[in-house]
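Tertiary structure, described
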Amino acid sequence: MSTYAINLETASWNATEAIRQLDKSFVGTPDYMGVAYFWSHEFKHWLRDCTVAERKKVHQLWLKNNLSFKAGIDPVIDCQPHWAIIKRVCKSIRRSM
């Protein structure tokens, strides 16, 4: 595995937006990179503050556990399994959840 990384804080707006749009096309697939938003308003205040690595891990675990990415939008979907993964993975945002 390569140790190469792209620092999006030093990339131009156009480059950052192109990467975000590319990553958006990967939501729901194993290719997701952790840059684009994949969550609903239900999870917004927590996942937007996670690191890229944490978001990627949450996404991978939702995929692995066959959890819907429509959670928080569709009222029929139970969000508890989603929250359990977020709480377990997102150490950078563990607060009074």
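Here, every reference points to the structure presented above.
The structure contained in this document is the topic of the report that follows. (Residues numbered from 1 in each chain as written. Predicted model: local features only at pLDDT ≥ 70, side-chain atom pairs only at ≥ 80, totals over all residues. Heavy atoms only, no water.)

**Topic: the packing of aromatic side chains**
Heads up, the condition is: Ring geometry is summarised as follows: Phe, Tyr and Trp rings, the Trp one being its six-membered ring, pair when their centres sit within 6.5 Å, and such pairs are stacked at plane angles under 30 degrees, edge-to-face over 60 and tilted between the two. What counts as a helix is a DSSP run of H or I of at least four residues, what counts as a strand is a run of E of at least two, and both are numbered from the N terminus. Exposed residues in this analysis have more than 50% of their type's maximum accessible area, buried residues have under 20%, and partly exposed residues fall in between, with area computed by a 1.4 Å probe over protein chains only.
If you walk through the whole model with that rule in mind, you get nine aromatic pairs. The interplanar angle of 65° and the centroid separation of 5.4 Å between the aromatic rings of Phe43 and Trp62 together place this pair among those described as edge-to-face. Residue Phe43 is located in helix α2 (residues 41–47), and its partner Trp62 is located in helix α3 (residues 52–64); the two are separated by 19 residues in the primary sequence. Comparing Phe43 with Trp62, the two get one shared label, buried.

**Thoughts on the nonpolar core**
As a reminder of what qualifies: Throughout, nonpolar core names a set of buried Ala, Val, Leu, Ile, Met, Phe, Trp, Tyr and Cys residues whose side chains join them through atoms within 4.5 Å.
Phe38, Phe43, Leu47, Val58, Trp62 and Ile86 are the most contacted members of the largest nonpolar core, which totals 19 residues. When residues of this core are traced back to their parent elements, those giving at least two are α2, α3 and α4 (80–89). Looking at this core element by element, the count peaks at four residues for α4.

**Comments concerning the environment of Phe69**
Quick note on the threshold: Any two residues whose heavy atoms approach within 4.5 Å at even a single point are treated as in contact.
On the secondary structure map, Phe69 appears in the loop between α3 and α4. Separated by 51 residues in sequence, Phe69 and Ala18 place their C-alpha atoms 22 Å apart. When residues no more than four places from it in sequence are discounted, the contact partners of Phe69 are Val27, Gly28, Phe38, His59, Trp62 and Leu63.

**A short note on unusual backbone geometry**
With phi around 55°, Asn66 is a residue other than glycine that occupies positive phi space. Counting through the fold element by element, Asn66 comes out in the loop between α3 and α4.

**Overview of the state of the cysteines**
Defined as follows: Cysteine sulfur atoms that come within 2.5 Å of each other are treated as a disulfide pair.
According to the stated counting rule, one finds zero disulfides in the structure shown. You can see Cys79 has no disulfide; the closest cysteine sulfur is in Cys90, sitting 15 Å from it.

**Overview of the packing of α3 against α4**
Using the following cut-off: As a rule, the C-alpha atoms of each element are fitted with a line to give its axis, helices using only the stretch in contact, and angles between N-to-C directions run from 0 to 180 degrees. Working rule for handedness: look at the near helix, and if it is turned counterclockwise from the far one by less than a right angle, call the crossing left-handed; if clockwise, right-handed. Basically, the charged four are Asp, Glu, Lys and Arg, the nonpolar ten are Ala, Val, Leu, Ile, Met, Phe, Trp, Tyr, Cys and Pro, and anything else, Gly included, counts as polar.
Where α3 meets α4, the closest approach of the two axes is 10 Å, and the angle between their N-to-C directions is 145°. α3 and α4 meet at a crossing whose hand is right-handed. In this structure, α3 uses Glu54, Lys57, Val58, Leu61 and Trp62 to contact α4, whose residues at the interface are His82, Ile85, Ile86, Arg88 and Val89. For the contact of α3 with α4, the per-class residue count stands at six nonpolar, one polar and three charged.

**Considering a positive patch on the surface**
For the record, the criterion: Residues forming no salt bridge and having over 30% relative accessible area are the ones grouped into patches, like charges within 9 Å of each other and nonpolar side chains (Val, Leu, Ile, Met, Phe, Trp, Tyr) within 5 Å. Exposure was quantified through the Shrake-Rupley algorithm and a 1.4 Å probe, taking into account, for residues, occlusion by the shown protein chains and nothing else. When a carboxyl oxygen of Asp or Glu is within 4 Å of a side-chain nitrogen of Lys or Arg, the pair counts as a salt bridge. In this count, Lys and Arg are taken as positive residues and Asp and Glu as negative ones, while His and the chain termini are left out. Working definition for charges: the position is that of NZ of Lys, CZ of Arg, CG of Asp or CD of Glu.
On the surface, Lys57, Lys64, Arg88 and Lys91 cluster together into a patch of positive charge. Looking at the element boundaries, Lys57 is found in helix α3.

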